[in-house]
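Geometric and topological summary
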Amino acid sequence: MEKNELHDYLLGNCSREEALKVQMMLSREGDASDIVRALDEEFERMSSDEDIDTASALDEVKSRLGFKSRRLVFLKVLKTMELVAAAVAIPLAVALALNIGSSQETPWHELNVAPGRTDSLRLSDGSLLILNGGTRVTYPEKFEGDSRTIFLDGEVLADIASDKDIPFEIRSGETSVKVYGTRFDFTAYRQSECVELLLIEGSVAFNAVKDSSERSLRLSPGDALHYYRKTGQINIDKFAQDSYESFAHGKSIHFFNLNMRDIANYLEKTFGTSIIIKDNDIASMHFYGYFTNGEGVDEILDCLNIDGNMKVERYDDTIYLSLR
């Protein structure tokens, strides 16, 4: 790898195609001494620039890719990104952090769904993903080797093609879902405190890593799993999977004991409407709700406010929630 290629990549001064090329080379050769030396040199050069804002770049990358890394180069790149990623947009492919075998040669793509819209994606194995608003999915052009892995920030209604020999996995930060051929609704927006997994049919395993401890649970159809990122708590309830309607069915929406902070974030993604919570007491309130008749954001908030404790105000395209 040429030094100028690495330098331009870390500063975000290369095209998408050039960035992918560097990422694949780092993934394959990241432990090589010359690569590590080049990264060290770039790090020393960038660390001398006092004008670079280092805010939350490392957390951004960790949140997207998960907390584990098998490669020395990932640690080096994260160290450098603490200095530069907050100031410039560095395209970092998920393949950089993970050893995915032969898929290193396969191009990776990213699909971003605008808030207020939905989209669908057919993967190379025939699996169908329906994506809710505000969702980002990163996936290979073609699955190769002994795994089928994609990365998610958002909500997906997934119908996964069955392959007993090659499991399918969706990774989202510190959580993941391993699938062998099934249908489920997985919601894991990066900003939300609660991760939700509803198994409609088939069988999946949910995994979560917190404080160096890993938990894995196998779900059965009709299980509704909720994982709380702050505490690591996992709850499993039941839902009527035979009559369940997801966001893909006329914007059907459900809240199973979610706090208003997560509900507001979800409604923002689903309807493209900004919601500002002015009181922390409201943000921590929990609600149950199931809306299947195409209700809009105002109708949903009115129903959640049936006791009248909230004051709901709309100014232009922004909704404000406060205590009465």
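This text goes with the structure placed above it.
Residues numbered from 1 in each chain as written. Predicted model: local features only at pLDDT ≥ 70, side-chain atom pairs only at ≥ 80, totals over all residues. Heavy atoms only, no water.

So, empty space enclosed by the protein
Short version of the rule: Grid points spaced at 1 Å and placed over the protein atoms alone form the basis of the search, with a cavity being a set where a 1.4 Å probe fits but cannot get out and a pocket an open set showing protein on both sides within 12 Å along at least five of seven lines. Lining residues have an atom within 4 Å of a point. Grid points are joined across faces, edges and corners, and a volume is the space filled by probe spheres set on the points. A run of H or I in DSSP becomes a helix once it reaches four residues, and a run of E becomes a strand once it reaches two; helices and strands are each numbered from the N terminus. We call Asp, Glu, Lys and Arg charged. Ala, Val, Leu, Ile, Met, Phe, Trp, Tyr, Cys and Pro are nonpolar, and the rest, Gly among them, are polar.
Applying the stated criterion across every chain yields a total of four cavities of 30 Å³ or more. One number sums up the size of the largest cavity: a volume of about 130 Å³. Around the largest cavity, the lining residues are Thr187, Tyr189, Ser192, Cys194, Glu196, His254, Phe255, Leu258, Asp262 and Tyr266. If you list the elements that add at least two residues to the lining of the largest cavity, you get β9 (194-201), β14 (253-259) and α6 (260-271). Here the lining of the largest cavity gets three residues from one element, more than from any other, and that element is β14. When the residues that make up the lining of the largest cavity are grouped by side-chain class, the tally is five nonpolar, three polar and two charged.

Concerning the packing of aromatic side chains
Filter applied, for reference: Stacked, edge-to-face and tilted are the three classes for Phe, Tyr and Trp ring pairs, Trp counted by its six-membered ring, which pair at centre distances within 6.5 Å; planes under 30 degrees apart are stacked, over 60 edge-to-face, the rest tilted. Relative accessible area decides the class of each residue, using a 1.4 Å probe on protein chains only: under 20% of the type maximum gives buried, over 50% gives exposed, and in between gives partly exposed.
What the rule picks out here adds up to nine aromatic pairs. Considering the side-chain rings of Phe206 and Tyr227, the 5.9 Å spacing of their centres and the 50° angle between planes classify their relative orientation as tilted. Note that Phe206 is positioned in strand β10 (residues 204-210) and Tyr227 in strand β12 (residues 223-228), a separation of 21 residues in sequence. Pair check on accessibility: Phe206 and Tyr227 agree, each one buried. Ring centres of Phe255 and Phe291 lie 6.3 Å apart, and the angle between their planes is 65°; this geometry places the pair in the edge-to-face category. Here Phe255 is found in strand β14, whereas its partner Phe291 is found in strand β16 (residues 286-291), with 36 residues between them in sequence. The exposure classification of Phe255 matches that of Phe291, with both residues buried. An aromatic cluster of at least three residues, connected via ring pairs, comprises Tyr189, Phe255, Tyr266 and Phe291.

Considering the sheet that holds strand β15 (residues 274-277)
Rules: The pairing criterion is simple: DSSP has to find at least two bridges between the two strands. Axis lines are fitted through C-alpha atoms, for helices just across the contact stretch, and the angle between N-to-C directions can take any value from 0 to 180 degrees. When checking whether two residues touch, look at their non-hydrogen atoms; a contact exists if any pair is within 4.5 Å.
Pairing in this open sheet of three strands is mixed, and the strands run β15-β18-β17 from one edge to the other. Here the strands that pair on one side only, and so sit at the sheet edges, are β15 and β17 (310-315). Neighbouring strand axes in the sheet, compared pairwise and without regard to direction, differ in orientation by 20° on average. Looking at chain direction, β15 and strand β18 (residues 318-323) are connected through four bridges and run parallel. Paired with Ile276 across the two strands is Tyr320, which belongs to β18. Along the sheet, α6 makes contact with β15, β17 and β18, crossing β15 at roughly 165°.

Comments concerning α6
Our working rule: Every helix has an expected span of 1.5 Å times one less than the residues it contains. Polar contacts, as used here, are pairs of N or O atoms within 3.5 Å; protein pairs need one atom able to donate a hydrogen and one able to accept it. Residues neighboring in sequence count only if both atoms are side-chain atoms.
For α6, built from 12 residues, the straight-helix expectation of 16 Å at 1.5 Å per residue is met to within 8% by its first-to-last C-alpha distance of 16 Å. Most of α6 is tucked away: nine of the 12 residues are buried. For α6, every residue scored as buried is listed here: Met260, Asp262, Ile263, Ala264, Asn265, Tyr266, Leu267, Lys269 and Thr270. Where α6 begins, the capping side chain belongs to Asn259, and its oxygen is found 3.1 Å from the backbone nitrogen of Arg261. Following α6 by one or two positions, Gly272 has its phi on the positive side, about 70°.

Here's the deal with the packing of α6 against helix α8 (residues 297-304)
Pairs of packed helices are described in terms of their axes, by the angle between the two and the distance that separates them. As a reminder of what qualifies: Here roughly perpendicular refers to angles of 65 to 115 degrees, roughly parallel to angles under 35, roughly antiparallel to angles over 145, and oblique to all remaining angles. Throughout, a crossing is termed right-handed when the near helix is turned clockwise from the far one, and left-handed when it is turned anticlockwise from it by less than a right angle.
The geometry of α6 relative to α8 is characterised by a closest axis approach of 11 Å and an angle of 165° between their N-to-C directions. The angle between the axes of α6 and α8 places the two elements in the roughly antiparallel class. Our pair here, α6 against α8, has a crossing hand that is right-handed. On α8, the residues touching Met260, Ile263, Leu267 and Phe271 of α6 are Val297, Ile300, Leu301 and Leu304.

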